[in-house]
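Coordinates in review
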Amino acid sequence: MTPPETLAESRQNFPEAARELLADSQIRKNVRHATDVIQAKRNKVVAELPDWQDLREAGSAIRAHALEHLDHYLAQFEANCTRAGGQVHWARDAAEANSIILGLIQKHEAKEVIKVKTMTSEEIKLNAHLEAHGVRPIETDLAELIVQLGHDKPSHFVAPALHKNRQEVREIFQREMKLPELGETPEDLCAAARTYLREKYLRIKVAVSGANFLVAETGSVCLVESEGNGRMCLTLPDVLISIVGIEKVIPRFQDLEVFLQTLPRSATGERMNPYNSIWTGVHEGDGPREFHLVLLDNGRSPILADKEARQTLKCIRCAACLNVCPVYHQTGGHAYRSVYAGPIGAILTPQLHDMKDGRSLPYASSLCGACYEVCPVKINIPEVLIHLRGKIVEEEQKTLGGKLGLWNIGMQAAAFLFADASRFSAAQHLGQMGQKVFVSKSGFIEALPLMLSGWTQTRDLAALPKQTFRDWWAAREEREEKAR
Amino acid sequence: MGVSLRVSLFITCYNDTLFPGTGKAVVRVLERLGHSIEFRPEQTCCGQMHWNTGYLREAVPIIRHFVEVFRDAETIVIPSSSCVSMMRDHYLKAAEMVGDAKLAADVAALLPRVWEFSEFLAKKLGVEDVGATYAHRVTYHTSCHSQRSLHLNDIPLRLLRKVRGLQLVPIENPQECCGFGGTFSIKNADVSSAMLADKVRCVLNTGAEVCTAVDNSCLMHLFGSMHRQRTFTRTVHIAEILASTAEAEPWDERFPVDLPVSVGGTR
């Protein structure tokens, strides 16, 4: 298997990328506003459901069960989809998926394809591959269209253009759609997009979509959306190609009952998605004449093999963890330099890369736990973050550089001290004396060296008190002893 | 006054070194309520820093040490919700990771006797009014571990509402992290600082002189920024507020130096 080289956007690590994003007031303002709005809507509609915690539990159990028996359910899905006239393709990695999809498009001699927003196609960089081979992909989801026309990258996987405000969208449309007079009301902008897209739905014969769920027992594919662009792409063209990660399968049709409640409420704060499309193979005289489903692995199988981290694949891509994350609030999605941002991106991205890329992402969290609290399938993201940190540390300790690194030396030293109270106490005394060079006139430490400078760049630290608690206690015991 | 308990104090490594006043305050409150305190000097750390930073194997001997030291303790009280959460959420996992069934059994036996300080007062002792006086405008910072792991809910607020003279003012966005996150504050210093700036703004907007919490870790973080900006707001651990009486306040030079063993009863 070739490594999924296409997922990470660049080698820049999270702290560096975040520093750049933090300097962009406009993005921070847009991100904060958008996440606050979605989060408030989400909280309101979640609070309406008395059985929300049961739904989370059920969703978690269904997804965990499906992953435990993924081989079985994928084979069942393939058989049922094929029986209904669909064609199932298996892609080991991004390169295979891209070549399958391009081949299908070329077979139909299409020069353009319409697309329904699919994160999986972002993951495999499908658009770039198609463009390189003379095929023009056209995004039909409003936010994806904004991102595409703005030559930008998605920053959120439910609301990819969340980092753009209305004025910025207007400028992009004015420029790219050649509409210099375009107004800036939401109605103006939507009308422009509608006019731009409508002609394409009617003319273009091949569509590419993603999917939210694959139903094993019926071979059905489910896609939910809010704008109706999905319904257009799924029904009007002659050929439909859906690209879907292998983890998206669920056992039974009835299981949708859980996810069609939890997904819209978590993702967009809607009780139900305006458009819920479910299709099974092909039907004479109704919808596409050809349906292809590309099942993508691209680094997912190894995640399944890791007992601690397997829960990562339960994700249904609602992005509630992004909207609630205090780190994401500050930086937005681009700081993650990955298709998958936020807390779920911080665990998914490095794993899809076999821990060879995105290695700073598991540290991009204060472990506050808000992501776990909102997750509709109960992925314990903080637990997985710690597990992945553990893997990274263990790998680094195998190298000489890692062994001699400041972090490792510091942590080994601390572990040595904590193993024995007399050592720890001696270190405390040493600290009380040694700190003198750092303590300013105000009695505070205002600058520290090396990695500790990260603390003092924005924060002071009170000098260590003259007496530790344990010394105070010992003195007290001694006094009492004498008094007796 | 009910049964007198023998409470073993786990002060935690950072309180021991940086916030001894919090430990003294815990001693003072619990003795005032008629309980006796022991301090096992062999104690060191809970292992949280190593565990959360990914030094999982290095955390295990520290966890073992904690279990050894407190194995036969009657009740263990800890003035830090993040350390308690380390024990409740990760100790069994650590034992499983190294395949140590004996350690897992020891941990399972020990955990029911481990209490966070405010939780101990409200749930184990059933006390809300601890006889404190603290005539200041105070806001309460909800630490992440106290809300999402320990589910303390309004316990600290109920304790604070019973303090004489204390004016409790609500804070905006109480559910959002202050950005400390242990080594996160160093490894991602810029993002951590940005989160801190938002939280400090919420604290300052309350107009409180004092920001309190059940964790000195968050308070150290908040105070670090508030002192750098030379704001007038101080941070004080909840135990120090609950220990305060009309005669002595935590930042008072008189307190808590050489407290008598038994302050005796509530005032």
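None of these values were measured; they are calculated from a predicted model. Within each chain, residue numbers correspond to sequence positions counted from 1 in written order. Whichever chain is written first becomes A and whichever ligand is written first becomes 1, with later ones labelled in order. Confidence filtering applies because this is a predicted model: local features only for residues at pLDDT of at least 70, side-chain atom pairs given and counted only at 80 or more, and all residues used for totals across whole chains, interfaces and linings.

Take the domain arrangement of chain B next. Residue and element names in this part refer to chain B. Domain annotation of chain B identifies domain 1 (6-124) and domain 2 (137-243). Domain borders in the structure are assigned automatically or taken from a domain database. Using C-alpha coordinates to define each centre, domain 1 is positioned 22 Å away from domain 2. Taken together, the elements giving at least two residues each to the side of domain 1 that touches domain 2 come down to helix H1 (13-18), helix H2 (20-32), helix H3 (48-53), helix H5 (81-97) and helix H7 (117-124). Residue composition of the side of domain 1 that touches domain 2, grouped by class: 12 nonpolar, 10 polar and 5 charged. Here a strand is any run of E in DSSP of at least two residues, a helix any run of H or I of at least four, and the numbering for each starts at the N terminus. Put simply, Ala, Val, Leu, Ile, Met, Phe, Trp, Tyr, Cys and Pro go in the nonpolar bin, Asp, Glu, Lys and Arg in the charged bin, and everything else, Gly too, in the polar bin.

With that out of the way, let us pick up the interface of chain B and chain A. Once C-beta atoms are placed from the backbone, any two residues with those atoms within 7 Å are in contact. Contact with chain B, which involves 54 residues of that partner, is made by 52 residues of chain A. Listing elements by their share of the side of chain B that touches chain A, those giving two or more residues are H1, H2, H3, helix H4 (56-70), helix H8 (144-149), helix H10 (184-187), helix H11 (189-205) and helix H12 (216-228) of chain B. Residue composition of the side of chain B that touches chain A, by class: 24 nonpolar, 21 polar and 9 charged.

What follows covers helix H12 (residues 256-267) of chain A. Residue and element names in this part refer to chain A. Taking 1.5 Å as the rise per residue, H12 with 12 residues should run 16 Å; its terminal C-alpha atoms sit 16 Å apart, in good agreement. Partly exposed residues are those whose C-beta has more than 12 but fewer than 20 other C-beta atoms within 10 Å; 20 or more makes a residue buried and 12 or fewer makes it exposed, with C-beta atoms placed from the backbone. Judged by how many residues are buried, H12 sits mostly within the fold: 10 of 12 residues are covered. Along H12, the positions that sit buried rather than exposed are Leu256, Val258, Phe259, Gln261, Thr262, Leu263, Pro264, Arg265, Ser266 and Ala267. Close packing links the buried residues of H12 with helix H2 (25-47), helix H3 (52-68), strand S5 (213-215), strand S6 (220-225), helix H14 (320-324) and helix H17 (370-374). At the exit of H12 stands Gly269, carrying a positive phi of roughly 70°. To estimate how far a helix should extend, the number of its residues minus one is multiplied by 1.5 Å.

Here we take up the domain arrangement of chain A. Per the domain assignment, the segments making up chain A are domain 1 (14-302) and domain 2 (423-483). Spacing between the C-alpha centres of domain 1 of chain A and domain 2 of chain A amounts to 55 Å.

Glancing now at the confidence of the model for chain B. Residues and elements named next belong to chain B. Residues of chain B with pLDDT of at least 70 account for 92%, and the chain-wide mean is 93. Long-range and interchain partners of residues 253-267, a stretch whose pLDDT sits below 50, account for 22 contacts in this model, where long-range means more than four residues apart. The ipTM, which scores confidence in the relative placement of chains, is 0.94 for this predicted complex, and the corresponding pTM is 0.95. The predictor's confidence in any single residue is recorded as pLDDT, a number from 0 to 100.

Residues and elements named next belong to chain A. Along the chain, Ile246 falls in the loop between strand S7 (239-245) and strand S8 (249-250). With 22 C-beta atoms counted inside 10 Å, the residue Ile246 sits in the buried group. In sequence terms Ile246 and Leu417 are 171 residues apart; their C-alpha atoms lie 47 Å from each other. The contact partners of Ile246, leaving out residues within four places of it in the chain, are Leu70, Leu74, Leu295, Leu296, Asp297 and Arg300.

Two pairing modes exist for strands in a sheet, parallel and antiparallel, and in both the strands are linked by backbone hydrogen bonds. All names here are of chain A. The rule for pairing is simple: two strands pair if DSSP sees at least two bridges between them. Reading across the sheet, the 4 strands line up as S8-S5-S6-S9 and stay open at both edges, with mixed pairing between neighbours. Each having just a single partner strand, S8 and strand S9 (275-279) make up the two edges of the open sheet. Of the pairings in the sheet, the one linking S6 to S9 comprises 5 bridges and is antiparallel in character. The residue bridging Glu225 from the neighbouring strand is Tyr275, located in S9.

Right, let's talk about the packing of helix H1 (residues 14-22) of chain A against H11 of chain B for a bit. Interhelical geometry of H1 of chain A versus H11 of chain B gives an angle of 45° and a closest axis separation of 8 Å. The pairing of H1 of chain A with H11 of chain B is recorded here as oblique in orientation. On H11 of chain B, the residues touching Pro15, Ala18, Arg19 and Leu22 of chain A of H1 of chain A are Asp190, Val191 and Ala194 of chain B. A fitted line through C-alpha atoms serves as each axis, taken over the contacting stretch for helices, and the angle formed by two N-to-C directions is quoted from 0 to 180°. In what follows, roughly perpendicular refers to angles from 65 to 115 degrees, roughly parallel to angles under 35, roughly antiparallel to angles over 145, and oblique to any angle outside these ranges.

What follows concerns the nonpolar core. Among soluble globular proteins, nonpolar side chains are generally buried collectively. Any set of buried Ala, Val, Leu, Ile, Met, Phe, Trp, Tyr and Cys residues joined through C-beta atoms within 7 Å is what this text calls a nonpolar core. Counting residues in hydrophobic clusters, the biggest one holds 211 residues, and the most contacted among them are Val294, Cys321 and Ile381 of chain A together with Leu242 of chain B. Setting aside residues up to four positions removed in sequence, Cys321 of chain A forms contacts with Gly342, Pro343, Ile344, Cys371, Val374, Cys375 and Ile381 of chain A. One finds Ile445, Trp455 and Leu461 of chain A together with Ala189 of chain B within the second-largest nonpolar core, a separate group that totals 5 residues.

Attention now moves to helix H4 (residues 70-83) of chain A. Quick reminder: α-helices carry 3.6 residues per turn. Residues three or four places apart thus point the same way. All names here are of chain A. An ideal rise of 1.5 Å per residue puts 20 Å on 14 residues; H4 measures up with 20 Å between its terminal C-alpha atoms. For H4, the complete set of buried residues consists of Tyr73, Leu74, Phe77, Glu78, Asn80 and Cys81. Those residues of H4 hidden inside the fold are in contact with H3, strand S1 (87-91), S5, S8 and strand S10 (290-296). Remark: Gly85 follows H4 within two positions and exhibits a positive phi of approximately 100°.

Residue and element names in this part refer to chain A. With parallel pairing, 6 strands are arranged side by side in an open sheet as S1-S10-S7-S4-S2-S3. Edge positions in the sheet fall to S1 and strand S3 (136-139), since each has one partner strand and no second. Taking each pair of neighbouring strands and ignoring which way they run, the sheet shows an average axis angle of 25°.

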